[in-house]
Every structure is written in structure tokens, then in C-alpha cells.
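Remarks on the overall topology
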Amino acid sequence: MLVSILHRVTGAGLSIAGLAVLTWWLAAIAGGADSYASFSKAAGHPVGIIILIGLTWAFFQHLFSGIRHLVMDSGAGFELDTNKRFAILTLVGSVLLTAALWVYVLEYRP
Amino acid sequence: MSLGQSATPLGKVRGLGSAREGGEHWLTERVTSIALLLLGVWLIASLLFLPALDQRTILEWLHAPSGALPMALLIVIGFKHALDGMKVVVDDYVHEPGNNFALNTLLLFLAVGGGAIALFALARIAFGTIA
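Everything in this summary refers to the structure shown in the same document. Please read all numbers here as calculations on a predicted model, not as lab measurements.

Summed over all chains, the structure comprises 7 salt bridges over all chains. Between Arg30(B) and Asp73(A) there is a salt bridge, and its shortest N-O distance comes to 2.6 Å. Of this pair, Arg30(B) sits in helix H2 (residues 23-49) while Asp73(A) sits in helix H3 (residues 46-73), which puts the two residues in different chains. On the accessibility criterion, Asp73(A) (36% relative accessible area) is partly exposed. One salt bridge in this structure joins Arg56(B) and Glu60(B), with 2.9 Å as the shortest N-O distance. With a gap of 4 residues between them, Arg56(B) and Glu60(B) both fall in helix H3 (residues 55-63), about one helical turn apart. Beyond isolated ion pairs, a larger network of salt bridges with shared partners links Asp73(A), Glu29(B) and Arg30(B).

This brings us to the environment of His63(B). All names here are of chain B. Position of His63 among the secondary structure elements: in helix H3. Judged by relative accessible area, His63 falls into the partly exposed class, the value being 28%. Sequence-wise, His63 and Leu122 are 59 residues apart; in three dimensions their C-alpha atoms are separated by 8.5 Å. Within the structure, His63 has its side chain in polar contact with the backbone oxygen of Ala126 (distance 3.2 Å). Reaching out from His63, the side chain makes a polar contact with the backbone oxygen of Gly128 at a distance of 3.4 Å.

Turning next to the packing of H2(B) against helix H4 (residues 65-93) of chain B. Residue and element names in this part refer to chain B. Remark: H2 packs on H4, axes separated minimally by 9 Å, with the N-to-C direction vectors making an angle of 140°. The angle between the axes of H2 and H4 places the two elements in the oblique class. As for how H2 packs across H4, the hand of that crossing is left-handed. For the contact of H2 with H4, the class distribution of residues is 11 nonpolar, 10 polar and 4 charged.

What follows covers the packing of aromatic side chains. A full pass over the atoms with the stated rule returns 5 aromatic pairs over all chains. When the centroid spacing of 5.6 Å and the interplanar angle of 35° are considered together, the rings of Trp42(B) and Trp61(B) count as tilted. Placement of Trp42(B) in helix H2 and of Trp61(B) in helix H3 is noted, with a sequence separation of 19 residues between them. In this structure Trp61(B) comes out as buried when scored by relative accessible area, which is 12%. Each member of the aromatic cluster is reached from another via a ring pair, and the members are Trp24(A), Tyr36(A) and Phe39(A).

It is worth spelling out the interface of chain B and chain A at this point. Tallying the contact residues gives 39 residues for chain B and 27 residues for chain A. A combined buried area of about 2500 Å² lies between chain B and chain A, and 74% of that area is made up of carbon and sulfur atoms. Considering only the side of chain B, the residues that lose the most area to chain A are Ile44(B), Leu48(B) and Gln55(B), jointly responsible for 22% of the buried surface there. At the junction of chain B and chain A, the tally comes to 2 salt bridges. A salt bridge links Asp92(B) to Arg8(A), with the shortest nitrogen-to-oxygen separation between them at 2.5 Å. There are 9 residue pairs in polar contact (both at pLDDT 80 or more) connecting chain B and chain A.

The rules we used
Residues numbered from 1 in each chain as written. Chains lettered and ligands numbered in written order. Predicted model: local features only at pLDDT ≥ 70, side-chain atom pairs only at ≥ 80, totals over all residues. Heavy atoms only, no water. Salt bridge = Lys/Arg side-chain N within 4 Å of Asp/Glu carboxyl O. Helix = DSSP H or I, 4+ residues; strand = E, 2+ residues; numbered from the N terminus. Buried < 20%, exposed > 50% of the residue type's maximum accessible area, 1.4 Å probe, protein only. Polar contact = N/O pair within 3.5 Å; in protein donor to acceptor, adjacent residues only side chain to side chain. Axes fitted to C-alpha atoms, helices over the stretch in contact; angles between N-to-C directions. Parallel < 35°, antiparallel > 145°, perpendicular 65-115°, else oblique. Left-handed = near helix turned anticlockwise from the far one by under 90°. Nonpolar A, V, L, I, M, F, W, Y, C, P; charged D, E, K, R; others polar. Phe/Tyr/Trp six-rings, centres within 6.5 Å; stacked < 30°, edge-to-face > 60°. Contact = heavy atoms within 4.5 Å. Buried area = accessible area lost by both parts, 1.4 Å probe.

Purely spatial values, then, with no claim about function.
What follows is the structure, encoded as C-alpha cells:
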């Protein structure tokens, strides 16, 4: 239930905020050094980082619950315990991957 | 006479049957999802493995076909998948035909417009000259 709702919420978030950031980023790169500097400033601001972390989590959550939906579309995984385990796995996986990625980006990336 | 009380069998089912469409939308959403799985992982991996994230490095990465081509696919398929997904959400929650049409049209304009802006920016990067 929760994971199914999250699939919608993260999908809507990626559709609106995710594609907006992607488009802004591409336009900033095309616009030259100055326009990229203003994008970098916004992306490096604490609020910007929080949004980017949120989008990263939304991507992984949507990816994992999307795979879960593809499996269920095939008719598999409807047993209650299997279904629940798969749902919890998507939550654990998305949080772990997001945390690992951002710890690397913020602490170790050159 | 209301729809359900029609005298003839034909009158009872007329207008209630299959729309004969929708299957393609459902399938497209899933096929694009598999493409985006690959392209999304490609984007994140690329950003992680680029030596730096300054404008010059990203410009050179997306100027080369090996960067520009997957990015073009990501833009087109990403906006398409977003539009398909948002249509499902709108159709699920907005039932009044006028509002439903207005919202779906707005989404279509946003997706096509946004996709065009992103593609145009990428074209400038890919086909422009690097000073």
C-alpha cells in the first residue's frame, strides 16, 4: 500500500521537479560558464542539495517499485509474505543507495 | 430513458464496451520504464565517474556522441514516460470531463514544451563548438 502510493508520489515528483532540474541543468550548460555558475550556486545551496538528495531517493524508489510492478504485471509475487518482503526491500534499497551515493558525493568525491 | 433501462440488448451495452484503446498506453509506459532504468543508471554512473562537474567537463562529455545520444534518448523517453504516468494520475483523480481534458492538455503542453527546451539545449551542446 505505502510502496504503491510512493510509486505515484515519486513518479509525480520526478516528472515535475526531476525533469525541471534536468532541463535547467542542460540549458545552463548550453548557456556557457556564467549561466552554469548560477545553476551550480543553486545546486550547491543547502536547499538545492536537499532537493537533489530527494530526487535521487525518488529515482531509486521509483526504479525499485517500478521493477516490483513489472514483476507483478507478469502475475508473480502476489503471495502475501513475498509481496510484503519485496515492498520492504524497495524501501530499504532506495534509502541505502541514496545514502551511499550522497555520502560519497559529499565526503569523498574529488 | 437512462442508459441502464434501455429496452433492447444493444441499447444496454452501447457506449459501455471496450474503448479499443488504452492497451498501447499501458504497454508504452512499461517499455519506456525499462529504457529509463538503463538510461537513469547511465546518467548517475556518468556523473559519478566524470573527473569533475564543472561546465567545461560536462560540455565535452555531452558534446561527444557517446554522451549526447543517450542524453537525447533520456530526454525524449523521460518526458514521454512522465506524460504517460501523469495522465494515469489525472485520469484516476479528475473525473469531471472538462477538468480532465484541461489538465491532460496542460500536461501535454508542458511535456512537449519542456522536452523541446531540453532537446534544444542538448543540440546547442552537441553541435556547438567548444572554445
